[in-house]
Amino acid sequence: MSLNVENYTIEKKLSESENEYFRRVTIQLDPTNDIEKLLNSQIPTFSKHDIKFKRSKQLIDRTSFVLKSVLNNKQDKIAENRIKLYLSLLIGNNIQFTLTDFSTTDEQICLIQCNNEIEFKKVYKQYQTKSQLQGRDLSIVQVYEFDTIIIRFPDEKIMSYDDVENIIRSARIDVFTYQLTEDNCVEVEFINVDAFKRWMLNVEKIIVKFRVTITPIITYVDDTHENENATISTAQSIPFNIPTSAVSKSQSTTIKIRPDWVMVAAHSVFQVELKDYIRDELGGEITIHGNEISYTGSFPRLPRCPSNEAILKNKINNYMQKLRYQVLRDLKPYQARILRKHSTTVAFRRDGHNDYSVAAKYNDFVELKSQLFPKHRPHHQLDQTTTVNQQMDINSKPVSPVCKQESIEQRPSHSTASTVNNVSLYPITSAEELSMFSLSTFENRLEQHLRDTYNVKIIIERTVMNTKSKEGKLRITIKIIGQNRDAENALEYVQNLFSLLRTRKFDEKNDGNWTKIEDATVLIQYHFDLEKLTCTCQKMSSTTVNINYFDITNPQFGIDEQRIEDLINNRFSLATITYTSQSSTSKFTKDWKSLEDAIRKRDDYKKDICLYDETKAMYLFGLTKIVKEFRQIFEELKNRYVPQSYKMILSEKQFNYLVHVAQNDLSKLEKRYKADGCDVSLARLRQSGDFLAPIDMHAEIKANLDALTQIDEVTFEIQSSAFGVLINQEPKRLTSLIKTKCYFEIKSRTHRIDIPIPKAQGTDLEDLAKQSRHTNASVTNTNSINIGNSTITICTGDLTTQTVDVIVVCSTSEIMRKTIVTKAGVQVQTEFTNTTSSNGDPVVATCNGALPCKKILFIPWQSGQSNPHILKPSLSTFVSSAINYVIKNQYKTLAFPSVGCGKLGFDPSIIAKHMIDEALTQLGSNNNQLNVSFVLLPDQNNVYDEFVKYLQCIKPSRTTVSKASSTTLAAAAAALTTSKSIIHSKLSYDETVTEITLISATNDHLVKCKQDILKLAHSSSFTKQITNKNDLLDWSQNTINQFYTYCLKQHVKPTLDLNSLSVELVGPKDAVHEAEKQFFELTTETYKQARNHAVSRGVIWSVEVTPNSDNWQQYSFKLNGMIEDAFLKKQSQLDFVNDKQERCRIIFSSMEEHHGSDVRAIRRKVVDSLLPDTWEPSDQNCKRVTLQSSSKEYQDVLKQFNSTMNGQHLKIIKIERIQNERWYKQYTAHRDEYKRRYGNLDERLLFHGCTGISANQIIQECFNRSFAGVNGVAYGCGVYFSSNASYSHSYAKPSVSGERTMFLARVLIGRTHQGNQSMKVPPAGYDTTTDGHHIFVVYHDAGVYADHLITYQ
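None of the values given here were measured: they were computed from a predicted structure.

A. Representation of the overall build of the protein chain in the model. When helices and strands are counted, the protein chain shows 41 helices and 63 strands. Considering only contacts within the protein chain whose residues lie at least 6 apart along the sequence, 70% involve residues at least 24 apart. Carbon and sulfur atoms make up 48% of the accessible area of the protein chain, which amounts to about 71200 Å² in all.

Here is the structure:
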């Protein structure tokens, strides 16, 4: 009808559908009609309803397209940067674009929106040249312009139509349709693309305000059928019309429906209609069982629908929305009977005593209401106190009658209506409704409108209810007086008016802090009144404000909510001013309060401006211009008085100076400015890097702080370990010197220096024996000559075992090179190969690898065998290159091999002459001290002889020959003493270097403090001189080394001058005194004990137990050394206390021992016993050697241990061989005595378990019988051994880490006797005691030797 009025002719109606709010019709107009003119015309109305038009044909978007690819799994997804590179290929680099990801689990979908229009044909043509990316097929599709969105509550919150209206209110006129597709989402369709784009400009605000997600629905153009649209969206939805696309296979689907719908579905008439509707829409059949509806049949394939259940729900929803639903409360019996009469057209359900839920089509519902609530009521049913809830909106709650009236205010209407014959009442009880009557204009306008429109008079009655509160509760009743029909129509209007009452809530979280201001509601209400807006502003809580208004659909009082929001948001402004609270007496607080009072006294306060004050913040609210003006005034006041932060960056040294030196000055500065609210504290300066002060005081305070922290510094070093000890032990000594003048920082490090150690003048015979034995093992022949400070040595041996700085290898000798490299290891092989390939120098130096030397020098040598004249210069080059390398790199010793004497067959005499001559030339041309060795193969005796022969020809008088042998210690001593060269060794010492940084405000303080510290450092070092010490000549090298090591550990520098026989000690005073004590101890007891041990080596003193018995007993180690020392000094006698605490005297002339009246014979025997072949060479008397688990020795011990251990251990940690030379020689001498005495030797391998601490003592001091009895004396007071490891295990107590120790020892049994606990020694004629099975008790130190120590768990 509306179109006909505008001269538009409808040619065909194509389809029609509807929901609760919209009816949608697709029409085709006559071709002569101007469709564009229709679309651009104003929105027409029909029966108070807007009629909106939009084009049914979608237009292709010329700026966008979609890129798609199938996904088999998440890993197939192409990275965004790769897609962007691909798009640059398709559309070029000059076009800017935005990429949005709409991928699903099965398909990667990217929407590309360009800033400019693109020619899709060109893009598609470029796509055909490369339709794959990362090996996956791609497709591109054009899309239609967007005009539809999905709005969703993300937290599954139920979305109502009221929610939708609130969300789209600002663009309501541009919305074509909307439909709730799921419980928490709605699909909104705009009238055109431009309307869609306008709304999307503010979409971010809407998302934040309503907490929703908004997703555009994108439809793309099918490649083969342009009239069919496929839709993709991350938020799926259901359209009004289901397109005739492919359908899924027939299947059964069940959904649950709401209680109101259950009532409809159970209705006989509506049930048939519902089944017919579903059959027409989907083609299948439904069955209804209570709140479940099951559908059997096919479903259309809708890309925007997530499931078949969604399609079925949508269709059920479409049908149910055709009905009207309401709850009728408190029906009278006659009204219930009327309701039942309409049961064929109305579905209803009784909810309470007299409450009913009803559903019916619109016309049927109007008919039902007219019969339930007829407009012509009898007079007697209404009076001034009767509630009229039946005439109110059906959804309104019933109003309780007034309990008690204390006062009634009646306001007569100014209506000129005639005498009334009917009175209708409308009670006003809710706070929102009551608020509207605070507006005098509302009452007047309402009276005017009802009088002019319905010819009635109204009276507004205000009643104060009697409540517990002092003020009581106000209740308003509107009394309508007029002719029956007029009064009823007026009452219906009032009911409808208040049903349109809306509330817009403003709160602090969403709308700002102005909601906290009490006076803001008065101000806003003032401007509502100025604008003649019928709405009220109410303060509901401390942070909430409600605006009450009538919906815009009421033409007399209605207001568009957007107008309210625009007025509040655009007319008013909020200013928040923060400040630091000051004391109430401060000038700032007074001025601040005065300014607040000035604002409150303004005539326009609560009209154009208001404020709210709280701790550390104030809020201004009102007209934007006024708020800005006062905000500036407040800020200026704050800047004048309120302390502001000022960055003051200080270095760590400046902070330390303030803390340790200038803290008092800083405290004075802090107190000085504290009254002004300033914070210049050290804590704030350090933590925040600023100070607080009013802006106009910033410059002054900064200048004071700059002056206070204007520092200078000086750094110096003191190289003195004594000073380092002093400041560590007594730091206050240093602090007290400079505390009030400077701050200091100390850094300590060490500087390694070499302390020269003099060569001992005395000879340690024990050291000589060890050196002699070591010489036997490593060098069989040696011949040397001294050349100035240097030495040339000819020897036989293995070049790889030489403990020199550098060994020289002939790199052109393949056999020699491979032999050396193999023994040195992979590291040397790699280094030699890499250096040779990258460096053109033929001389290559590598690390030592696994060899004992420091460097390996590879030098090529070309023999020149075909030309004898080349031989000499080639050998000279070979030797000189090596010596020059050693001198250049400050090495002292090197070893050459002999070259050319093997397969090349050169005459050894010629090789010897040329090599030794060049060595002599090089050594004679420089003053460096070098030791040059020529190490020859042991099996080349002829080569060795020729080298020695030529060496002796040079200067026989200077040649020293040392043939290492095992003859006597005297021979070894003689060989060593023939050398006249004095060798000084060095000991590395880490001396403390103390770096001190002084920091002060004045240079004078720096100079004075530095001088005081240097004086303190000088006084910390104490010097002690010890002179005329002839005993130094008797000190062995080991004793000197021991003394130097002790001193340096105490940070004392010792200097022993063996020429002047003096000692100088420099260091901390207490440490020097301790070093002096150590000197005298070494000079006496330590030296004497060392000498006793040394001279006793190789000699055994024994005493005959019983006269003429030929039963001899060895003296202990200590007594053996004392007796031998006295014997060598040719003393006539020696007094001592033996192991039995007997005072004895030895008479050397008669070789007798006297004890009281007892006289026993003694004898001295020189032992020439070789150590076991399995022992490793060592320069120590006692050494522990850990066995390899693969060795035969290890396996033999392990087998012996396991055979009697009976599985009482978890694992073997290690097995060690014990190499105690003195103990072993004593034992062998004792064993020789047993052989002589008994003929057949009874020597057994037995076990002895003990703690780890005891094991360490036994290894050094042998089995000590003084501890006998610790673990019992059941078979005698001696040392116990057992043939069963499991027995000894009980005495091997575990350590903290759970490790146990057990010896496997050689034990001389001799003659043994059954023991008992009373035996201190074995019975006469016996050597040991036993339990008769596996336990043996030994009473003599030399009767047992601990071969191995087993550590296990």
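B. Structural view of the nonpolar core. Among the nonpolar cores identified, the biggest contains 58 residues, and I856, F878, F896, M915, F934 and F947 are the most heavily contacted of them. At eight residues, helix 30 (residues 871–888) tops the list of elements feeding residues into this core. Ignoring anything within four residues of it in the chain, the contact list for F896 reads L799, V808, F878, V879, A882, I883, M915, V932, S933, F934 and V935. Counting 40 residues, the second-largest nonpolar core is a separate cluster that includes I577, F588, L611 and L620.

C. Focus on the environment of E700. By secondary structure assignment, the location of E700 is in helix 24 (residues 698–708). Judged by relative accessible area, E700 falls into the partly exposed class, the value being 38%.

D. Just the pairing of strand 38 (residues 790–796), in detail. Extensive coverage of strand 38 is indicated by the burial of seven of its seven residues. Because side chains alternate across strand 38, one face comprises the buried residues S790, I792, I794 and T796, and the other comprises T791, T793 and C795, equally buried. Here strand 37 (residues 782–787) runs beside strand 38; their pairing, made up of six bridges, is antiparallel. Looking at strand 38, one finds that N786 is bridged to T791. Following strand 37, the chain reverses through two residues before pairing antiparallel with strand 38; G788 in that reversal takes a positive phi of roughly 65 degrees. In this structure, strand 38 lies alongside strand 43 (residues 931–936), joined through six bridges in parallel fashion. Looking at the pairing, I792 lines up with V932 of strand 43.

E. Summary view of the packing of helix 9 (residues 268–282) against helix 10 (residues 308–320). The geometry of helix 9 relative to helix 10 is characterised by a closest axis approach of 10 Å and an angle of 130 degrees between their N-to-C directions. Between helix 9 and helix 10, the angle falls in the class oblique. Crossing handedness for the pair helix 9 and helix 10: right-handed. Together, F270, E273, L274, Y277, I278, E281 and L282 of helix 9 and I311, L312, K315, I316, N318, Y319 and M320 of helix 10 make up the contact between the two elements. Class assignment for the residues of the contact of helix 9 with helix 10 results in ten nonpolar, one polar and three charged.

F. Layout of the sheet that holds strand 29 (residues 544–550). Strand order in the open sheet made by the three strands is 27-29-28, with antiparallel pairing throughout. Whereas interior strands pair on both sides, the edge strands pair on one side only; in this sheet they are strand 27 (501–507) and strand 28 (535–541). The sheet shows a mean angle of 25 degrees between the axes of neighbouring strands, taken without regard to direction. Sheet analysis places strand 28 next to strand 29, joined by six bridges and oriented antiparallel. The partner of T536 across the bridge, within strand 29, is N548.

G. Summary view of the side chain of E1216. You can see E1216 is positioned in strand 56 (residues 1212–1220). In terms of polar contacts, E1216 uses its side chain to reach the side chain of R1184, at 3.1 Å.

H. Structural detail: the pattern of salt bridges. Throughout the structure, instances matching the rule amount to 64 salt bridges. D519 is the partner of K606 in a salt bridge, and the nearest nitrogen-oxygen pair spans 3.8 Å. Taken together, the positions of K606 in the loop between helix 19 (587–600) and strand 31 (609–614) and D519 in the loop between helix 16 (508–511) and helix 17 (520–530) put the pair 87 residues apart, joining distant regions of the chain. Linking D1012 and K1008 is a salt bridge whose minimum nitrogen-to-oxygen distance equals 2.8 Å. Note that D1012 and K1008 are positioned in helix 34 (residues 1003–1020) at a spacing of four residues, about one turn of the helix. Of the residues examined, D1012 reaches a relative accessible area of 14% and is grouped as buried.

I. Summary view of the packing of helix 19 against helix 20 (residues 624–641). With their axes 10 Å apart at the nearest point, helix 19 and helix 20 run at an angle of 170 degrees to one another. With respect to their mutual orientation, helix 19 and helix 20 come out roughly antiparallel. Where helix 19 abuts helix 20, its residues K587, F588, D591, W592, L595, E596 and I599 lie against F630, I633, F634, L637, K638 and Y641.

J. The arrangement of the pairing of strand 47 (residues 1053–1057) in detail. Only one face of strand 47 is covered, namely the face carrying P1054 and L1056; the face carrying K1053, T1055 and D1057 is uncovered. In this sheet, strand 48 (residues 1062–1067) lies alongside strand 47 in antiparallel orientation, the contact comprising five bridges. Residue pairing for strand 48: P1054 is matched across the bridge by L1065. Following strand 47, the chain reverses through four residues before pairing antiparallel with strand 48; L1061 in that reversal takes a positive phi of roughly 55 degrees.

K. Molecular detail of a positive patch on the surface. On the surface, a cluster of positive charge is contributed by R337, R340, K341 and R350. If one sorts the elements of the positive patch by residue count, helix 11 (residues 333–341) sits on top with three residues. Relative to the elements of secondary structure, R337 occurs in helix 11. Taking the relative accessible area as the measure of exposure, R337 reaches 48% and is therefore partly exposed.

L. Summary view of unusual backbone geometry. In this structure, D330 takes a positive phi of about 55 degrees despite not being glycine. Structurally, D330 is set in the loop between strand 20 (324–328) and helix 11. The class of D330 is partly exposed, set by a relative accessible area of 34%.

M. Broad picture of the confidence of the model for the protein chain. Mean pLDDT over the protein chain stands at 80; residues scoring 70 or higher make up 84%. Overall, residues 956–983 carries pLDDT values under 50, and its contacts beyond four positions in sequence, including any with other chains, amount to 36 contacts.

Cut-offs and rules
Residues numbered from 1 in each chain as written. Predicted model: local features only at pLDDT ≥ 70, side-chain atom pairs only at ≥ 80, totals over all residues. Heavy atoms only, no water. Helix = DSSP H or I, 4+ residues; strand = E, 2+ residues; numbered from the N terminus. Contact = heavy atoms within 4.5 Å. Areas by Shrake-Rupley, 256 points an atom, 1.4 Å probe, with all protein chains shown as cover. Core = buried A, V, L, I, M, F, W, Y, C linked by side-chain atoms within 4.5 Å. Buried < 20%, exposed > 50% of the residue type's maximum accessible area, 1.4 Å probe, protein only. Pairing = 2+ DSSP bridges. Axes fitted to C-alpha atoms, helices over the stretch in contact; angles between N-to-C directions. Parallel < 35°, antiparallel > 145°, perpendicular 65-115°, else oblique. Left-handed = near helix turned anticlockwise from the far one by under 90°. Nonpolar A, V, L, I, M, F, W, Y, C, P; charged D, E, K, R; others polar. Polar contact = N/O pair within 3.5 Å; in protein donor to acceptor, adjacent residues only side chain to side chain. Salt bridge = Lys/Arg side-chain N within 4 Å of Asp/Glu carboxyl O. Patch = residues over 30% accessible without salt bridge, like charges linked within 9 Å, V, L, I, M, F, W, Y side chains within 5 Å. Lys, Arg positive; Asp, Glu negative; His and termini not counted. Charge placed at Lys NZ, Arg CZ, Asp CG, Glu CD. pLDDT = per-residue confidence, 0-100.

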